[in-house]
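Okay, here's what each chain looks like letter by letter:
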Amino acid sequence: MTTRRTLLGAAAASAATLAAPRLAQAAWPGDRAIEVIVPFPPGGGVDNMVRPIVHFVTPRLPGARFAIVNRPGAAGQLGFEALFNAAPDGYTLGALTNTAMHAIAVERTPRYRPEDFTYIANVVDDPGGFWVRADSPWRTLDDLKEAARRNPEGIGVGTAGIGSDDHMLQLSFEEAAGVRLLHIPYNGTAPVQRDVLGGSLPVGSFNMSEGVALLREGRVRCLAQGGPARWAPTGQVPTFKEQGYDVLGGSARGIGAPPGLPEEIRVKLETAFREALADPALIADAERTGLPLRPLVGKDYRDMMRADHAVLQGLWQRRPWRQ
């Protein structure tokens, strides 16, 4: 028999059930640690971006605790998939990169869709560069272009691998200059630098932050950098565009979340990251450690990433980098 007390009890239980998600959401971020997935090994460029920004964001999210988890594999694909398919509850964030993440999605069909991530904030945009040994006869991109015309596909360019941002920079230059170089993929940047310094590799394609120390030591020369403007610590190096080549390239690294992140949590995260990226202490730390900051938050970050994805889709149609 249904009584008034039974009905009231059922109504209260129903109300409690409906309120539970709201209470859980309201408790964010104090319930448990926020996991930040890094899709690459510790100590690399992405890992070195995540740790300082998390340090400066933490005090701007009262109650927040972060746990950084490295999930390398398949050139970042495993980590990107883990982030994309995580629950959109604010307790899983992850590092995103432009070229690696987009190149994977252009080449094949991973378990993520780049356009559907929740883009929180870009932190670093590390321009790519073309590097030669200090005693190389080439001093400008025109010098390299003329040499490549005389010796088609005979000038080796070392990169950190097929489909890397270093490789994309080479392909973009070839397209802009109307030449063909010989791509030599390596397992990382360190062996590229070793062979450039040793004289067995004519050109290395790697990021400006990776070469700035060698440049200061006078051991290498940088023919061009791939940013929209010169990065201040390498201000003596002209951009590709300054030399007449419509080329941009590098590695943008930021923080995202799974699709469907609740707006209240997204806004809190965007605010915290915007404040952290404007912190003079973070800016000074980035200058000291050689991190080329490019703060973009929310929509601005999403728009940049979508434009980059479109560029790589077009490049794949004209010049697929995997057979």
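Scroll up to find the structure.
About the thresholds
Residues numbered from 1 in each chain as written. Predicted model: local features only at pLDDT ≥ 70, side-chain atom pairs only at ≥ 80, totals over all residues. Heavy atoms only, no water. Buried < 20%, exposed > 50% of the residue type's maximum accessible area, 1.4 Å probe, protein only. Helix = DSSP H or I, 4+ residues; strand = E, 2+ residues; numbered from the N terminus. Contact = heavy atoms within 4.5 Å. Axes fitted to C-alpha atoms, helices over the stretch in contact; angles between N-to-C directions. Parallel < 35°, antiparallel > 145°, perpendicular 65-115°, else oblique. Left-handed = near helix turned anticlockwise from the far one by under 90°. Nonpolar A, V, L, I, M, F, W, Y, C, P; charged D, E, K, R; others polar. Pairing = 2+ DSSP bridges.

*Asks:* Would you explain helix H7 (residues 190-198) in this entry?
*Replies:* Because the α-helix completes a turn every 3.6 residues, residues three or four places apart line up on one side. All of the buried residues in H7 are Pro191, Val192, Gln193, Asp195 and Val196. In the core, the buried residues of H7 are packed alongside strand S4 (118-133), strand S5 (156-159), strand S7 (203-207) and helix H8 (208-216).

*Asks:* Looking at this structure, how should I read the environment of Ala272?
*Replies:* By secondary structure assignment, the location of Ala272 is in helix H9 (residues 263-277). Taking the C-alpha atoms as reference points, Ala272 and Ile162, separated by 110 residues in sequence, lie 36 Å from one another. When neighbours within four sequence positions are excluded, Ala272 is seen to be in contact with Val57, Arg60 and Leu61.

*Asks:* Can you help me understand the packing of helix H4 (residues 98-107) against helix H11 (residues 299-318) in this one?
*Replies:* What describes two packed helices is the angle between their axes and the distance between those same axes. Where H4 meets H11, the axes come as close as 9 Å, and the angle between the chain directions of the two elements is 45 degrees. In terms of orientation, H4 lies oblique with respect to H11. Like other packed secondary-structure pairs, H4 and H11 cross with a definite hand, here right-handed. Only Met305, Asp308, His309, Leu312, Gln313 and Trp316 of H11 make contact with H4, whose side of the interface consists of Asn98, Thr99, Met101, His102, Ala103, Ala105, Val106 and Glu107. The class makeup of the residues in the contact of H4 with H11 is seven nonpolar, five polar and two charged.

*Asks:* Can you walk me through the pairing of strand S3 (residues 92-97) in this structure?
*Replies:* On a regular strand, each side chain points to the face opposite its neighbour's, so the side chains alternate between the two faces of the sheet. Counting buried residues in S3 gives six out of six residues, a clear majority hidden from the surface. Alternating residues of S3 divide into Thr92, Gly94 and Leu96 and Leu93, Ala95 and Thr97, and every residue in both groups is buried. Examined bridge by bridge, strand S1 (residues 34-38) and S3 share three bridges and lie parallel to one another. Bridge pairing links Val36 to Leu93 in S3. Examined bridge by bridge, S3 and strand S9 (residues 250-257) share four bridges and lie antiparallel to one another. Residue Gly94 lies in a different strand from S9, and its bridge partner there is Gly256.

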